[in-house]
Structures are given as C-alpha cells and as structure tokens.
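Tertiary structure, described
Letter by letter, the chains look like this.
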Amino acid sequence: MAEDHKGKSPDPSRRSFLKYTGTAIGGVVVGGAVGSALSSKFGNKQAAPSPSASPQAPQQAADYNQAPMFLNQSQLQITEAAAERIFPKDDKGPGATDLGVAFYIDHQLASPWGVNSREYRTGPFVKGEITQGDYQSIKRHELITMGLQSMEDTSKTKYSKSFVDLAPEEKDAILTSMEKGEIMVVNGITGKTFFNLFRSLTIEGVYSDPLYGGNKNMQGWKLRKYPGNQMAYANIMDKDQFVAMEPRSLHDHFAH
Amino acid sequence: MATKMPKVPVVIVGMGWVGGIIAAELSKQGVKVLGLERGKPRGTQDYYMVHDELRYAQRYDLMQDLSKETVTFRNTEKVAAVPMREYGSFLLGEGLGGASIHWNGQTYRFLPYDFEIYSKTVERYGKQKIPEGMTIQDWGITYDQLEPYFDKFEKLAGISGDAEQNPMVGKRSNPFPTKPMIKTPVLKLFEEATKKLGYHPYMMPSANLSEQYTNPDGVTRAACQYCGYCERFGCEYGAKADAVVTVLPVAQKTGNFELRSYSNVIQVLNDGKKASGVVYVNTVTGEQFEQPADVVIMASYVFNNIKLLLTSKLGKPYDPVTGKGVIGKNYCYQTNGGSAAGFFDDKEFNLYAGAGSLGMEIPDFNGDNFDHSDLNFIHGAGIRISQTGQRPIATNSVPKGTPSWGKAFKEQSLKYANSVLAVSPQGSSMPWKHHYVDLDPTYKDAYGLPLPRITFDFEEQDRQMIKFVAGKSAEIMKEMKATTIGSSDQLGPYNIVPYQSTHNTGGVIMGAQPETSAVNSYLQMWDVENVFVVGASAFAHNSGYNPTGTVGALAYRAVEGISKYLKQGGIIV
C-alpha cells in the first residue's frame, strides 16, 4: 500500500505496464480469473485528492468503497471506458474515471433499482407506441451487461480489439452507433435504450452525492460550482453577484 | 374472510392534503374520524438526509410503489393501453401526507372564469366557439362562492404572496397571510421585462413560508431557508406546508381521530344507494378488514378515486360512445410546452439556491384574460419563471446543436450551469368526449383489482395554444437579454415518458346536475349520498394553474357539506 499514500494520480507508466502485462497474460490464460484480475486497472486505483485541498490536508486513506458489487472486471473496465467518453477528462477538470463513475454504476446495478424492484413488472410486456414508454422485460442490470457485451462484440468484429483498447474516436463511433440504435442489444432491444440508460447513469455518477460512490471528493459539483448540501441560502437570495462556496455533502450532515 | 371492525361515523380513504384537512376539521367539531393510509407514517425527522437528488428526485423515494399499483395509458381508443411501469409524466404520492409531502408549494386560485367556463365562453364568443367533442361545463359553483374556502386554505398553509392584488386574477377578501418570498435577481429580470412589455407580473403564491407563521389552528412553522429541495422532497424545516406539519397534528390533538397506516382500501361496500363502509388490506400482513362507517370520504389521488368507484360499482361509469355516465369523465392534464430557455454568456446566477414556489407569473394569457376572438383555442397558460434550485443531475441545459454527451457537452453544460434561465408556460387542459379513465381489461394491481386506464392525447386546441404562448415566452426572454435563446412552439402527441406535471384532474367531476356530474358542489355523490369524493378528481376541466389551491378550497367546502350531512342527511344543496 506504500504507493497508495502519495496522494496524487497513479503513475501512468505503472498503469500502462499493468495494462499491457495484463493483456499479454490474458492472451495466455484464456478467460482466466487471474488474467482478468491482473489486467484490471482498478486494482491500482488511488483516492484522488480534492483539487482544492490545502497542502496541509491529511492524506487520503484507501477508498474501500471502490470494489465491484455486481459487474465483473471486464464489464467494469468497459463501463469505465465508455463513461469516460460520455464525460471526459479535460483541462477544466476530471472526467468519469477520476470521479468514480464506474463504481457508481456498478453499485447502482447491485441495488434494488438494478432489479426494478419498485416498478410494475406484471406482463404481458408488449411493445407500445413511443408515447407509451420504452419499458423492458429484462431488468436494468441485464440491459447494462448485455449492452456492454454488445459493445465489446462490435469492437472485436469491427476493430479486432477490445473496447477498452480502442482509440477515443473508435469508442465514440461505437457509442454513437449505440445511441442511434444501429446496434442491437438483445431481442428487439436496440442500443438506443441501453445508451440512454447508460448516459443517465454516467451523469448521475458525476453529480450524485459522493455517498453513492461517484462524484469523488465532490469534484463533479466543484466543476459546476454547485455547493451540494447546504442547510440554508436565505441570506444570499437577494445578492446580485454569484456566491461561490465550498460544497458540503450528506456526510457532513450525518450526526455520528 | 375480512375481520369486521367496530363501526365509525366517518372513514377517510387516503391521508394526504384532502384527507388531512377533512380529518382536522371534523375531529375539531367532535366527530370521530378514522383515516386509512396505504403507506407508511412519516414526519420531518425522516428528512434529515433529504438533500439527496439521486434518492428522492431520480429514484422517487417518496412516491407510490409502482410494483403494487400503477395506471395504463393509450393516446387513443385505437391502440391497446400499456402499463406505466416506471415514473415519467407525473408522480403519484404514497404514505402519510400523500403528494402534499413532495409538492413545490405553488398555490394558485383558479380564475373566476374557470368555474363558469361554459357560460362565459358562450356569452363572450357564442356557442360555435366550442369545438365538437369538447365537453366543457360549469362547475356548479362560482368563484365568489368558493372564495371563503380559498381564504381558509391559504390561512391554514400560510401562503406567501404580494401585498397588492393583481388585477388579472380573482378578487381576494383578505391579503395573503405572509409576505412574498425574496425577489431574487432572476425574478427581477423577469419582472422588469414583463412590465416593459405591458404585462402584470406578480410573485407566485407560495406554501414555502416567507417568514415564521402561526396559523389559525395555533400551528407555528419556521421560514423557508431556500435550500432548493422542494419538489420530490420533504421539507426538513416544516416550512413547506403539508398535511403532516399542519392538519394532521391538529386532528390528533382532538382525541377524535384515529390513523391506520399500511391500510390499502380495495372496496367501498354499498348497495348502489348507500355505502356501508370499506374493505382494506393490511399491506404488511395481507390480512383483510371490513370497516363499517356512516360516511365514506374518498380522498386519494385522482386515479385511485376513479378506480375504487368503478371497481366498487359506485356511480354510473362514463361511456365514451354515448357520452353518458360520469365516473371517469372529463379526465384532463395540463399542456406544458412553448418554454424559452435563455443562455447568458455574461451573467451567473445563484441557481443552486431556490424554493419550490419561488417565482413570478404573468396571468395575462391565462383563462379568458385576453381576447380569443381571432384564436383557434379557448383558455390559455400562465407564463412563469421560477427559481426552484437547479439540481445538477436533472439540469444540464446546453444550447441547441450541442451534442448530448462527450467533450462539447461537458464544456457547455458546465459553462451554463449557473447561467441558464427558462420562461415557461403552464397551459390549461380542456375535456374531450374521448378523453377518460376506465378500468384496464388486462392489467391488475397487487390486490387483484384492474388498473385504471387513461385514454388521453393533446388536441389541435392545445397545439394552437402552445404556439401562441411560445411566442410570448420567447418575447419575454428576448427582453431579458439572453445571449442565446432556445425555444420551441411545437407540441407533439402526449407522451407519458418525460416528466410534465403531477396535475392530473377529473373523472369524478362536480356540477349542478346529476346527469352530467358525479358530485355536487359539496363533493357529495349524487347517486350515493353518504359518499364524498374530494380532490382534483372533481375538476370539470384543468386550468393553467397548479391545482392544490383549488383542491384545498374544495376540501373545506366538502367539510361544510359533510357536517351538514351528518346533521340532516340527504343530498346537501
């Protein structure tokens, strides 16, 4: 864990070393759990410090929330790669990867929401008009894993590579085909349905309270100057100028 | 077999705003009241972690569990209805306080025109103004008759509003009980622009208290903190008026009120002339209970009121072929469209802050406040700006032409996160012969009852109206000097997927004659004198205003009717 206490981004050379090693081993140990575990870029993840943290701030401990509850390693990697294209890192700040969006999505799929627990599930499931709702007979976690598989299959067919190894433009091309519904996910369910859900999940992972695993260190909120969970704004309502404040999360609300 | 319970004088089905008001008023008069609520009890202590957009706004924590009950929908009779499997267009409440917990607090009164819409339309434009199939009718009560009840509801809730009367809405016997909310720079921009254009802006009447307030029942509540979490959330301060922080404690204090939670009513027992009580299921154990009562008050949401009457064979079901029958008739919604978004390159507003009912509206194009002689529609829309708190998952507005994901999306959505405003009309909805609610032939709820089936679409009248008001919204936004304006004046078919408003109305409508209405002006069923059906189900059409103010007034009107009925019996006139 020694290298986990540096409090800065993972060393890129180490990351790519693990990645390529993993690819190589994965090629030998076909589908083996060892290969996929080694190829994982998640095993090496560190807690990213808040950009606004002062130099004196205590160093971040490991984030034990960052482990998959539902997806397998490969699904998690594709999720991260796709989410990063939807909300990419740029010179303004972090993207989906650094915000922990893949873990957010994984955790949501493992939740009651992932199995549509509060939705009407009695059949028959008939395909109605567009205005009647695009409701699936499969569950959300199935739609997502099948969609990820479908992206992976498309990638292998079209580029002879795994989705995670594609160039950014190639990833975007597949996501665009998904969005347009040109790729089928499963019996009659188009990529469009998958994409819309995946996009919403990504946005949620960027901006939901950090308690859910995304929006790491409230950096998603900081990007848009959103103050998160404040108790009161009554004293600034009549102010003409924009009032910036350090965000607070539900963690700050919780009485231990 | 249902376990038979001891008889009560009054049983109320559903403990939301309406059930709460009726319970409080009757129990204060010494009447023993039993309230049945299918969901759980709750209070402000449950909202300590309420500033959670994901849990409440995206995952609908406070809403009805659709795995048990939902509605089915079709645009026209030509297609099969499909169940609404997850939330979209509107959000149904559940649990103590019902939808009063998760509303925004926008508390308008319908216009005097609304209550006499048929007569006033014919009087001003002639009969030919009403297109074939449009089933508008007068409500059997006038604004002036209803005014004291509006006043009562506003005092109960402590509605905040302008001290000066807006000349374009119904006259008030008293000023608003509390001062208006804070006029923010956003609202001032709208106010200046609309005044310049010759309109009549005023502060949105608000149930988010502008100041600490003690109501006539002696209930004191704290002022709104503008935290930006109203709609879809419960208020941890109790500043937003709801049934749990106002009327229910009052009822409980009298000692005459009993509340049973987890009690889902599945039948109103009756012989076609009189009800003898209800049957309910304990939703935890599945056990059934028969609850005899002298008077049955239906106070659940529109769809459930209609469904229970139909499944219990109470009143005459509406027949869309003949136009005869009343239960399920005149289902209406609202027409949301024609808004204008303004992107400001040089301004940042504190959009993260706000309150559900912090806003301004112009009533100039609502109701019959403008001349419709040369227009192909009647009624209209209130045009508003509101600052409800721009939450980050829900609000990622980008100018037209921006992709919906990727680098450019990120850049633009962040750039305008605090710099985008919207001027939005909320339009009326007129009833039509072929818009109604009946029972679905295929889909059933968790208790084996058919789901209510909605047949509804937007009509040419709605498209014309949206086109007209869209022009006004864009004109206002232009005057507000936005850098870029995005607007649309097209209205597609009604789609149950995108959220629009939880303003569903009709189906058990009030009126002056039993042939054309289900309940009288006291919300008493014409056919079954000891059943009162209270709520927006009584609206004969839907105005361009939020319904709760009118629902509250009708609840007080019903209380008067129920009290009279308890003393004298028969149909109250």
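Higher on the page you've got the structure.
My aim in this report is to walk through the structure given alongside it, one point at a time. Predicted model, so just to flag it, every value in this text is computed and none were measured.

**Structural notes on the overall build of chain A**
Scanning chain A for helices and strands turns up 10 helices and two strands. Counting all 256 residues of chain A, 47% fall into the buried class. Of all intrachain contacts in chain A linking residues separated by at least 6 positions in sequence, the fraction that spans at least 24 positions is 61%. In the structure as shown, chain A presents an accessible area of about 12300 Å², 56% of it carried by carbon and sulfur atoms.

**Overview of the overall build of chain B**
Across its full length, chain B holds 11 helices and 23 strands. Here the C-alpha radius of gyration of chain B, 23 Å, is about what a compact globule of 573 residues would show, namely 25 Å. Over its C-alpha atoms, taken along the principal directions, chain B stretches across nearly 70 × 55 × 50 Å. Within chain B, buried positions represent 66% of all 573 residues.

**Concerning the sheet that holds strand 4 (residues 72-74) of chain B**
All names here are of chain B. The four strands lie next to each other as 5-4-20-19, forming an open sheet whose pairing is mixed. Here the strands that pair on one side only, and so sit at the sheet edges, are strand 5 (82-83) and strand 19 (436-444). Relative to strand 5, strand 4 is paired through two bridges, and the arrangement is antiparallel. Note on strand 5: the bridge partner recorded for Thr72 is Pro83. The strands touched by helix 8 (residues 302-311) within the sheet are strand 19 and strand 20 (450-455), with strand 19 carrying the most contacts at an inclination of about 70°.

**Observations concerning the pairing of strand 10 (residues 263-270) of chain B**
Residue and element names in this part refer to chain B. Within strand 10, six of the eight residues are buried, which leaves it mostly tucked inside the rest of the structure. Pairing of strand 10 with strand 11 (residues 275-282) involves seven bridges; the strand directions are antiparallel. Note on strand 11: the bridge partner recorded for Leu269 is Gly277. In sequence, strand 10 turns back onto strand 11 through a hairpin of four residues, with Gly272 there showing a positive phi of about 90°.

**Considering empty space enclosed by the protein**
All names here are of chain B. Going through the model one piece at a time under the given rule, you end up with seven cavities of 30 Å³ or more. Taken as a whole, the largest cavity holds about 170 Å³ of empty space. What lines the largest cavity is a set of 17 residues, among which Val169, Arg172, Phe176, Tyr202 and Pro205 lie closest to the centre. Across the lining of the largest cavity, the residue classes tally to eight nonpolar, four polar and five charged. One number sums up the size of the second largest cavity: a volume of about 100 Å³.

**Some points on the interface of chain B and chain A**
Taken together, the contact between chain B and chain A spans 70 residues of the former and 70 residues of the latter. Between chain B and chain A the total buried area reaches about 5800 Å² when both faces are included, carbon and sulfur atoms providing 56% of it. Broken down residue by residue, the surface that chain B buries against chain A is led by Arg85, Tyr352 and Trp405 of chain B, which jointly contribute 16%. Across the chain B-chain A interface, the total number found is four salt bridges. Close ionic contact of Lys410 of chain B with Asp90 of chain A constitutes a salt bridge, the shortest N to O distance being 3.1 Å. Connecting chain B to chain A are 41 residue pairs in polar contact (both at pLDDT 80 or more). Contributions of two or more residues to the side of chain B that touches chain A are made by helix 2 (53-58), strand 4, strand 5, strand 16 (354-362), helix 9 (407-415) and strand 19 of chain B. In terms of residue count, helix 9 of chain B provides more of the side of chain B that touches chain A than any other element does, five residues in total. Residues that form the side of chain B that touches chain A fall into these classes: 36 nonpolar, 19 polar and 15 charged.

**What to know about the nonpolar core**
Counting 226 residues, the largest nonpolar core has Met151 of chain A together with Phe90, Leu421 and Met480 of chain B as its most contacted members. Per-element tally for this core: the top contributor is helix 11 (residues 548-568) of chain B, with nine residues. In this view, Phe90 of chain B contacts Val71, Met84, Phe303, Tyr333, Ile454, Tyr494, Ile496, Tyr499, Ser501, Thr502 and Asn504 of chain B; residues no more than four positions away in its chain are not counted. One finds Ile266, Leu269, Val279 and Val281 of chain B within the second-largest nonpolar core, a separate group that totals five residues.

**Points about the packing of helix 7 (residues 168-180) of chain A against helix 8 (residues 191-207) of chain A**
Residues and elements named next belong to chain A. One can describe the packing of helix 7 onto helix 8 by two numbers: an axis separation of 6 Å at closest approach and a directional angle of 110°. As the angle between them shows, helix 7 and helix 8 are arranged roughly perpendicular. Residues Leu175, Met178 and Glu179 of helix 7 form the contact with helix 8, whose participating residues are Gly191, Lys192, Phe194 and Phe195. A per-class count over the contact of helix 7 with helix 8 returns four nonpolar, one polar and two charged.

**Observations concerning the state of the cysteines**
Per the counting criterion, the structure on display carries zero disulfides over all chains. Lacking any disulfide linkage, Cys227 of chain B is separated from the closest cysteine sulfur, that of Cys230 of chain B, by 6.2 Å.

**Concerning helix 3 (residues 73-86) of chain A**
Residues and elements named next belong to chain A. Under the 1.5 Å per step criterion, the end-to-end length of helix 3 is 20 Å for 14 residues, consistent within 8% with the ideal 20 Å. Most of helix 3 is tucked away, with 11 of its 14 residues classed as buried. Within helix 3, burial applies to Gln75, Leu76, Gln77, Ile78, Thr79, Glu80, Ala81, Ala82, Ala83, Glu84 and Ile86. Where helix 3 starts, the residue carrying a side-chain oxygen 3.1 Å from the main-chain nitrogen of Ser74 turns out to be Asn72.

**Quick word on the packing of helix 6 (residues 140-159) of chain A against helix 8 of chain A**
Helix-helix packing is characterised by the crossing angle of the two axes and by the distance between the axes. Residue and element names in this part refer to chain A. Between helix 6 and helix 8, the least distance of the axes is 10 Å, while the angle of their chain directions is 105°. As summarised for this structure, helix 6 and helix 8 are arranged roughly perpendicular, according to the angle between their axes. Touching Arg140, Leu143, Ile144, Gly147, Leu148 and Met151 of helix 6 are Thr193, Phe194, Leu197, Phe198 and Leu201, all from helix 8. Here the residues of the contact of helix 6 with helix 8 sort into eight nonpolar, two polar and one charged.

**A look at the environment of Phe195 of chain A**
Along the chain, Phe195 of chain A falls in helix 8. Accessibility expressed as a relative area gives 1% for Phe195 of chain A, which makes it buried. Along the primary structure Phe195 of chain A and Thr176 of chain A are separated by 19 residues, whereas in three dimensions their C-alpha atoms are 8.9 Å apart. In contact with Phe195 of chain A, other than residues within four places in its own chain, are Ile86, Leu175, Met178 and Glu179 of chain A together with Trp405 of chain B.

**Focus on the packing of aromatic side chains**
With the rule as written, the count across this model stands at 42 aromatic pairs over all chains. An aromatic cluster is present here, built from Phe73, Phe90, Tyr301, Phe303, Tyr331, Tyr333, Phe456, Phe458 and Tyr494 of chain B joined pairwise through their rings. Here Arg59 of chain B stacks its cationic end above the ring of Trp113 of chain A, 3.9 Å away from the centre of that ring. One residue, Arg557 of chain B, lies across the ring of Tyr522 of chain B, its end atom 3.7 Å from the ring centre.

**Describing the side chain of Gln334 of chain B**
All names here are of chain B. Residue placement: Gln334 occurs in the loop between strand 13 (329-332) and strand 14 (335-336). When its relative accessible area of 0% is taken as the criterion, Gln334 is described as buried. Only 2.5 Å separates the side chain of Gln334 from the side chain of His503, close enough to count as a polar contact. Within polar-contact distance, the side chain of Gln334 engages the backbone oxygen of Tyr545 at 2.9 Å. Contacts of Gln334, omitting those with residues within four sequence positions, involve Gln426, Gly427, Ser429, Phe458, Ser501, His503, Asn542, Ser543, Gly544 and Tyr545.

Each value, and the rule that gives it
- Residue indices begin from 1 for each chain and proceed along its sequence in written order.
- Labels follow written order: the first chain is A, the first ligand is 1, and so on.
- Totals for whole chains, interfaces and linings use every residue, but because this is a predicted model, local features are given only for residues with pLDDT of at least 70 and side-chain atom pairs only at 80 or more, for both listing and counting.
- No hydrogens and no water enter the side-chain calculation; it runs on all heavy atoms of the structure.
- In this text, helices come from DSSP runs of H or I with a minimum length of four residues, and strands from runs of E with a minimum of two, each type numbered from the N-terminal end.
- Only protein chains enter the calculation, and the probe is 1.4 Å; a residue is then buried if its accessible area is under 20% of its type maximum, exposed if over 50%, and partly exposed in between.
- Between two residues, a contact is recorded if the distance between any of their heavy atoms is within 4.5 Å.
- Reported accessibility uses the Shrake-Rupley method at a 1.4 Å probe radius. Residues are deemed covered only where the shown protein chains occlude them.
- Using C-alpha atoms as the atom set, the radius of gyration is obtained and then compared with a globule rule of 2.2 Å times the number of residues to the power 0.38.
- Between any two strands, at least two bridges found by DSSP are needed for them to pair.
- To obtain an axis, a line is fitted to C-alpha atoms, over the contacting stretch when the element is a helix, and the angle between two such axes runs from 0 to 180 degrees between their N-to-C directions.
- In the cavity and pocket records, a cavity denotes points on a 1 Å grid over the protein atoms alone where a 1.4 Å probe fits but cannot get out, a pocket denotes an open set with protein on both sides within 12 Å along at least 5 of 7 lines, and lining residues are residues with an atom within 4 Å of a point.
- Grid points are joined across faces, edges and corners, and a volume is the space filled by probe spheres set on the points.
- Side-chain classes are defined by residue name, with Ala, Val, Leu, Ile, Met, Phe, Trp, Tyr, Cys and Pro counting as nonpolar, Asp, Glu, Lys and Arg as charged, and the others, Gly among them, as polar.
- We define buried area as the total accessible area lost by two parts upon association, computed with a 1.4 Å probe and summed across both.
- One side-chain nitrogen of Lys or Arg within 4 Å of one carboxyl oxygen of Asp or Glu is enough to make a salt bridge.
- Pairing of N or O atoms within 3.5 Å defines a polar contact, subject to two protein rules: one partner must be a possible hydrogen donor and the other a possible acceptor, and residues neighboring in sequence count only if both atoms are side-chain atoms.
- The definition of a nonpolar core used throughout is a set of buried Ala, Val, Leu, Ile, Met, Phe, Trp, Tyr and Cys residues joined through side-chain atoms within 4.5 Å.
- Convention used here: angles under 35 degrees read as roughly parallel, angles over 145 as roughly antiparallel, angles from 65 to 115 as roughly perpendicular, and any remaining angle as oblique.
- By disulfide we mean two sulfur atoms from cysteines, separated by a distance within 2.5 Å.
- Expected helix span is given by 1.5 Å per residue-to-residue step, counting one fewer step than there are residues.
- Each pair of aromatic rings taken from Phe, Tyr and Trp, with Trp reduced to its six-membered ring, is defined by centres within 6.5 Å and is described as stacked if the planes are under 30 degrees apart, edge-to-face if over 60, and tilted in the remaining cases.
- A positively charged side chain is recorded as over a ring if its NZ (Lys) or CZ (Arg) lies within 6 Å of the ring centre. The angle to the ring normal must also be within 35 degrees.

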